[in-house]
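Chain and residue survey
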Amino acid sequence: MTIRAVVKGVGHYLPERVVPNCEFEKTLDTSDEWIRSRSGIERRHFAAPDQTTSDLATRAAEKALESAGLTGADMDAIILATSTADFTFPSAATMVQNAIGMTSGFAFDVQAVCAGFVYALSNANALIVSGQARRVLVIGAETFSRLMDWTDRSTCVLFGDGAGAVVLEAEIGGGTSTDRGILSTDLHSDGRYRDLLYVDGGVSTGTTGVLRMHGKEVFRHAVEKLAETAHAALDKAGLTSDDVDWIVPHQANLRIITATAQRMKVPMERVVVTVQDHGNTSAASIPLALSIGVRRGQIGKGDLIVTEAIGGGLAWGSVVLRW
Ligand code: UT7
């Protein structure tokens, strides 16, 4: 008998404003062709001036709760993965807690940049398995448009805003890899690579700052580390690539997604790809892809899913779960 953290509901929210690649041609020396061929991105959503990360997170949370047939009052905890919280403090998670009418339990943010949702899932799993919480709302939400240097064509065309959420609930499983729920997690970080991807502002500078990235270097680490962590997580669950129904990867670059699937020997027909429609939404990208994968009819009950992500830190990791 094993306690498993099982997904009971999923949902997402994307801001209304859609910005196609051609918009950037007006202000930058770039082209739709370059952005598509180098990243796979065709469009992205940007939050309205009065929309914050916690607003996006709340909309996604409400949809996930609705799909689970539960309310905020039913939750024991909220973990919100974000690097773009509305304020330095309090956490965006407590703002969502208030917005969804949850007056007990606890809520906190997790900051692991693009790997944030994988870190948040892993933390939620630990809370559930250890008996500290029975139901946890896990959210990834970002407004990366607020961190862009609009004169830097190598970064500002890549990112977008959005949010996704899942409701996890404790269920008793048989302790085998046929159980539903989270089966294994694998997390890593290596601070030696902090200069590859960072924001040049914060409390120490008195500014919000803008995103800086050595794209080629991050790309190289991503291709190498993502397949490695996904294999490690599968191995911990006693599974192999052959057992995988869906890879639900972090959506940063179609070339990274394809290279990782190739290394894992999983055909692209078994990979959920949303990067063309949303760009890189950092911690929101995996829950967005999970929600859209379900809506498209790709992901179904009992499917074996591997999620993997890498981002600033560097921080990376993978979670294996049965839907
Ligand atoms: O989610 C967090 C993790 N982040 C990632 O996973 C991102 C990882 N990196 C990448 O996805 C890719 O490295 C990029 C999409 C960022 C860039 O693709 P690339 O194939 O590595 O291109 P590059 O940086 O080597 O640039 C090639 C050329 C350069 O020109 P030169 O030096 O060859 O003359 C760039 O200046 O493309 C130029 N370039 C652009 N040209 C038109 C860079 N950005 C643009 C642009 N439009 N927007």
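So, here is what we can say about the structure in this document. No experiment lies behind these values; they were computed from the predicted model shown. (Residues numbered from 1 in each chain as written. Predicted model: local features only at pLDDT ≥ 70, side-chain atom pairs only at ≥ 80, totals over all residues. Heavy atoms only, no water.)

Relative to each other, helix α6 (residues 215-236) and helix α7 (residues 254-264) sit at 40°, their axes nearing to 9 Å. When the axes of α6 and α7 are compared, the pair comes out oblique. Where α6 crosses over α7, the handedness of that crossing is right-handed. From α6, F219, A222, V223, E224, L226, A227, A230, H231 and L234 reach across to α7, where they touch R255, I256, A259, T260, R263 and M264. (Axes fitted to C-alpha atoms, helices over the stretch in contact; angles between N-to-C directions. Helix = DSSP H or I, 4+ residues; strand = E, 2+ residues; numbered from the N terminus. Parallel < 35°, antiparallel > 145°, perpendicular 65-115°, else oblique. Left-handed = near helix turned anticlockwise from the far one by under 90°. Contact = heavy atoms within 4.5 Å.)

Further remarks concern the state of the cysteines. Tallied over the entire structure, the rule returns zero disulfides. This cysteine, C156, is not joined by any disulfide, and C22 carries the nearest cysteine sulfur, 14 Å off. On the basis of relative accessible area, C156 is assigned to the buried category, the value being 1%. (Disulfide = S-S within 2.5 Å. Buried < 20%, exposed > 50% of the residue type's maximum accessible area, 1.4 Å probe, protein only.)

The next thing to look at is the sheet that holds strand β6 (residues 135-143). Strand order in the open sheet formed by five strands is β1-β7-β6-β4-β5, and the pairing between neighbours is mixed. Each having just a single partner strand, β1 (2-13) and β5 (106-110) make up the two edges of the open sheet. For this sheet, the mean angle separating the axes of adjacent strands, direction not counted, is 20°. Examined bridge by bridge, strand β4 (residues 77-81) and β6 share five bridges and lie parallel to one another. Bridging from a neighbouring strand, L80 pairs with I139 of β6. Across the sheet, helix α3 (residues 53-68) is in contact with β1, β4, β6 and β7 (161-173); its angle to β1 comes to roughly 120°. Contacts from helix α9 (residues 285-295) reach β1, β6 and β7, with the element oriented near 85° to β1. (Pairing = 2+ DSSP bridges.)

Near the ligand you find 22 residues, and of these T30, K216, H250, N253 and N280 are the closest. Taking T30, its side chain carries an N or O atom lying 2.7 Å from a nitrogen atom of the ligand. Between the ligand and the protein, one listed contact pairs an oxygen atom with a side-chain N or O atom of N280 at 2.6 Å. Here the ligand, which alone exposes 960 Å², has 75% of that area covered by the protein. Of the residues forming the shell around the ligand, the biggest block, four residues, is contributed by α6. Looking at the shell around the ligand, its residues break down into eleven nonpolar, six polar and five charged. Residue-level mapping places the shell around the ligand at the junction of two domains, with at least three residues from each of domain 1 (2-173) and domain 2 (181-322). (Near = heavy atom within 4 Å. Polar contact = N/O pair within 3.5 Å; in protein donor to acceptor, adjacent residues only side chain to side chain. Areas by Shrake-Rupley, 256 points an atom, 1.4 Å probe, with all protein chains shown as cover. Nonpolar A, V, L, I, M, F, W, Y, C, P; charged D, E, K, R; others polar. Domains from an automatic or database assignment.)

Turning our eyes to something else, we now look at unusual backbone geometry. The phi angle of most residues is negative, glycine excepted, and most peptide bonds adopt the trans form. With omega at 5°, the peptide bond leading from F89 into P90 counts as cis. Looking along the chain, the bond that leaves G313 and enters L314 is cis, with omega of -10°. Along the chain, L314 turns up in the loop between β12 (304-311) and β13 (315-322). One non-glycine residue, V113, lies in positive phi territory at about 50°. When you line up the elements, V113 lands in the loop between β5 and α5 (116-129). By relative accessible area, V113 is classed as buried at 18%. Its identity is not glycine, yet K265 carries a phi of approximately 60°, on the positive side. As for its position among the elements, K265 is in the loop between α7 and α8 (275-278). According to the relative accessible area criterion, K265 is exposed, its value standing at 70%.

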